[in-house]
Each structure stands twice: as C-alpha cells, then as structure tokens.
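# Descriptive structure summary
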Amino acid sequence: TSAISGKRFKYDDYVSNSDVQRGVFDFYKRYGYVTIENVLESKTLEKVGELMDRIWETERLSPTSVPIQTHQRYPEILELTRNERVVKCVEHLLETEAELIGSMMMFREPGSPGSNCHQDNYYLHTNPPSGQIGIWVAVDPASIENGCLFVYPESHREELLPVRRHWANLSQLLTALLKSLVNKR
C-alpha cells in the first residue's frame, strides 16, 4: 500500500511530463530513494528472469547467493545497465553522466533472510555519497510476504552507521510489523 511503499511514479508519466520529472527529482532529493515503475519493458524483465534461472541452474547457487560484478560475466546484464530508459532516470537524478561501478544479483526464496540493514556507502565509500545510485529491479513480484526492499527514508542525510551482523533478523521483525500495520487498516 502507499502508506508502506511510499510514492510511486510511472515511467511514461515521468518522461512526458516536466511536473512529474520535478516531483521525482524532489522526492529523491528529500527521501533518498524513489520508485519509478515500468522503466523496463516486460520483455526485458522476462529475458533477465530467464538469465537468472540459467545462472541459478548452471552455477548451482545457494538460496542466499549474491554474485557480484555480473555485468563483467554476462553481456545481458551489461546491456541492462546501458538500457536507455534506466540511464535516463539515473542521469536525471544524479544531474550528471552515470558511470557503472558494480552490479550484483540477489537470489532469494520467499521466507529466506534478506540482507543486513546497511547503507550502501558503508561498502562503496563514494565521495560524495550523493554521487551514487543503486537500482533495484524486481524480476518477480515483490511483496512483504515474499521479500522486498526496505528503505529507511532520509537515511542518506545521516552519517554512516556501523553494520551489525545480528541485524539480519531485523528484516523478519520489520516484515511482521508491516503485516500487522496493513492488517489494522
């Protein structure tokens, strides 16, 4: 629901309406994240899903595997990072030309633990921190029940916090909390 997931923007509205573009930019600058739906066409998502299935099967990955720098091994991922629609969004938000510094895939089955709570710049050390953008593409539908990305709005304005490994259970606690909030509505 919008109370949980924040404001969402549609890609077609974003590219065709300067007021929506300003809204996307302002939302991103204020909260440190933005959701732009339908940036990738369904046929592109299907191809990425097929690639992930192939990687899963051929590399015999664990349910919590996170292969990194996948754009170096898989041309399809490199192509995805160069997708005109993706690049347009990223460069608008950064207000400059984008440069790819990394890629990864996350394989998660419903109910499996997610990532520890963290700030990406804890690992990437980008200076200034506002000069980086992470893009999350859900190949399968993501929900509170089957796993989704949690965002702490405005955390980009805070100092880097230490990553604590025991925070892994926090995603399960947040899931339970969010479910209880949704059920109260």
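Residues numbered from 1 in each chain as written. Predicted model: local features only at pLDDT ≥ 70, side-chain atom pairs only at ≥ 80, totals over all residues. Heavy atoms only, no water.

Taken together, the side chains of Glu-46, Glu-50, Asp-53, Glu-57 and Asp-140 make up a negatively charged region of the molecular surface. For Glu-46, the location among the structural elements is in helix H4 (residues 42-59). (Patch = residues over 30% accessible without salt bridge, like charges linked within 9 Å, V, L, I, M, F, W, Y side chains within 5 Å. Areas by Shrake-Rupley, 256 points an atom, 1.4 Å probe, with all protein chains shown as cover. Salt bridge = Lys/Arg side-chain N within 4 Å of Asp/Glu carboxyl O. Lys, Arg positive; Asp, Glu negative; His and termini not counted. Charge placed at Lys NZ, Arg CZ, Asp CG, Glu CD. Helix = DSSP H or I, 4+ residues; strand = E, 2+ residues; numbered from the N terminus.)

This paragraph deals with the environment of Glu-159. Examined against the element boundaries, Glu-159 turns out to sit in the loop between helix H8 (120-124) and helix H9 (170-184). Take Glu-159: its relative accessible area is 67%, and that puts it in the exposed class. With 40 residues separating them along the chain, Glu-159 and Gln-119 place their C-alpha atoms 9.6 Å apart. (Buried < 20%, exposed > 50% of the residue type's maximum accessible area, 1.4 Å probe, protein only.)

To continue, consider the packing of aromatic side chains. The tally for this structure, following the rule as stated, stands at 4 aromatic pairs. Seen from their ring centres, Phe-27 and Tyr-31 are 4.5 Å apart, and the 40° between their planes marks the pair as tilted. Residue Phe-27 and its partner Tyr-31 are located together in helix H3 (residues 18-31), separated by 4 residues, close to a single helical turn. Note on Phe-27: relative accessible area 13%, which makes it buried. Centre to centre, the rings of Phe-27 and Tyr-33 are 5.5 Å apart; their planes meet at 85°, and the pair counts as edge-to-face. Considered together, Phe-27 and Tyr-33 belong to a single accessibility category, that of buried residues. Feature note: the residues Phe-9, Phe-27, Tyr-31 and Tyr-33 constitute an aromatic cluster, connected by ring pairs. (Phe/Tyr/Trp six-rings, centres within 6.5 Å; stacked < 30°, edge-to-face > 60°.)

Turning our attention to unusual backbone geometry. If you check the backbone angles, Asn-38 has positive phi at about 65° while not being a glycine. Among the structural elements, Asn-38 can be located in the loop between strand E2 (35-37) and H4. Look at Asn-38 and you get exposed, because its relative accessible area is 51%. Within the chain, Gln-69 stands out as a residue other than glycine whose phi angle is a positive 50°. By secondary structure assignment, the location of Gln-69 is in the loop between H4 and helix H5 (70-73). For Gln-69, a relative accessible area of 25% translates into the label partly exposed.

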